[in-house]
Every structure is written in C-alpha cells, then in structure tokens.
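Chain and residue survey
Listed below are the residues making up each chain.
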Amino acid sequence: QPQAVFTFLDPAGDRELLTLCAFDAEGKDAPTTWGELRLMQAEAPGEVAWPDVMAKFGPVFEDLQRRAAEAALRQQRERLAEQARKRAATVAVLREDAAQYRTDRLREIDEEERTQRLGNQQQLDLFREAPTGFQARRAAVDTHYEQRLREIADFEQVQTVGAPQP
C-alpha cells in the first residue's frame with residue numbers, strides 16, 4: 001500500500017532531529033518511525049513523480065500535508081517540553097552545586113585568613129604582616145558564582161517552536 005511520508009527539520013535546524021509523519025492512500029496514519037517504515041518497504045524509497053502521487057493520493061494530498069505539519073508541530077512541542085523538564089532537573093542540581101562550591105570556597109578563605117591572623121599574632125611586632133588579598137579572593141569567588149548562575153540560566157532556556165520546516 002502506498003504511503004506519503006513527510007519529514008520536517010527540527011526548528012533549530014538540527015538535521016539529526018527529523019520529525020516524520022506518514023499516511024496511507026486513504027489518509028490514515030501510518031507508521032512513523034524509521035524502523036517501521038523500513039520494515040514496510042517493498043522497494044527502495046525515493047522521490048515519486050508528481051503524477052504518480054496525484055494518482056495514488058488525489059485530492060487528499062494537500063490535506064495530508066496540512067495534517068503532517070500540525071503533527072510535526074505537536075511532536076516538536078512535546079519534545080521541547082520534555083527537554084525543558086529534563087533541563088529543569090539538571091538546573092536544580094547545577095544551582096545547588098554552584099551554591100555549595102561558593103560556600104565551601106568562602107569557608108576555605110575564612111579559614112586561611114584566621115590561620116594567617118593567628119600566625120601573625122605570635123610573631124614579633126617587627127615581623128608582623130597584615131593579612132592581605134582575602135577580600136579580593138572573596139570577590140573573585142562571588143564573581144565566579146554569579147557567572148556560573150548566568151551560564152546555568154542560559155542552559156535552562158529551551159528554544160521556542162517555530163513553524164515546521166519540510
């Protein structure tokens with residue numbers, strides 16, 4: 001039985017993410033995975049001459065194109081929604097990790113500063129050095145933390161769905 005298979009590119013143009021929509025000559029949904037389509041093929045796939053398409057599908061072909069575009073849009077929305085759910089879970093872990101890194105790093109700097117101050121108190125006044133650089137190190141940790149949060153926010157963004165591209 002002849003089938004019309006419509007392929008649509010991923011909205012971002014990722015050529016590895018094709019959306020398939022297939023219909024039989026009566027306009028009923030047909031298998032839509034590459035594996036299912038391969039199993040049903042009696043001959044090599046390829047382009048078909050337009051008169052042959054019209055002979056098999058007739059006036060329903062335009063309706064099939066419209067339905068395929070709607071189905072592709074629906075599938076792309078579902079895929080992006082799933083991607084957003086997965087990213088949200090990952091983002092929660094990344095934000096927690098970034099916050100923990102900041103806390104740990106600031107604790108290390110505080111400990112180093114305390115250790116240096118105690119060591120300086122035991123020295124003679126002649127050799128005492130004032131602890132330096134700790135505020136700058138804390139500021140660097142905060143800058144790194146803010147940059148990491150911006151990167152995580154960028155990762156969290158999922159593209160919007162555009163019109164399917166046949």
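Because the structure is predicted, anything quoted here is derived from the model rather than measured. (Residues numbered from 1 in each chain as written. Predicted model: local features only at pLDDT ≥ 70, side-chain atom pairs only at ≥ 80, totals over all residues. Heavy atoms only, no water.)

**Quick look at the overall build of the protein chain**
Rule in force here: Helix numbering and strand numbering both begin at the N terminus, where a helix is a DSSP run of H or I of at least 4 residues and a strand a DSSP run of E of at least 2. The classification of residues rests on relative accessible area computed with a 1.4 Å probe and restricted to protein chains. Under 20% of the type maximum is buried, over 50% is exposed, and intermediate values are partly exposed. Contact criterion: two residues are considered in contact whenever any of their non-hydrogen atoms come within 4.5 Å of each other.
Check the secondary structure of the protein chain and you find 4 helices and 2 strands. Reading the helices (α) and strands (β) of the protein chain from amino to carboxyl end gives β-β-α-α-α-α. Out of the 166 residues in the protein chain, the part that is buried amounts to 21%. Of all intrachain contacts in the protein chain linking residues separated by at least 6 positions in sequence, the fraction that spans at least 24 positions is 65%.

**Topic: the confidence of the model for the protein chain**
Note the following rule: A residue's pLDDT is the predictor's confidence in that residue, given on a scale from 0 to 100.
Looking at the protein chain as a whole, its pLDDT mean stands at 79, while 73% of the residues score no less than 70. Taking the mean pLDDT of every element in the protein chain, the minimum, 53, falls on helix 1 (residues 34–40) and the maximum, 95, on helix 4 (residues 134–156).

**Remarks on the nonpolar core**
What counts is decided by this rule: We call a set of buried Ala, Val, Leu, Ile, Met, Phe, Trp, Tyr and Cys residues a nonpolar core when their side-chain atoms join them within 4.5 Å.
Counting 12 residues, the largest nonpolar core consists of Ala4, Phe6, Phe8, Cys21, Phe23, Val53, Phe57, Phe61, Leu64, Ala68, Ala71 and Ala72. Where this core is concerned, the elements lending two or more residues are strand 1 (3–9), strand 2 (18–24), helix 2 (50–57) and helix 3 (60–122). Among the elements that make up this core, the one with the highest residue count is helix 3 (5 residues). If sequence neighbours within four positions are ignored, Phe61 has contacts with Ala4, Phe6, Trp50 and Val53.

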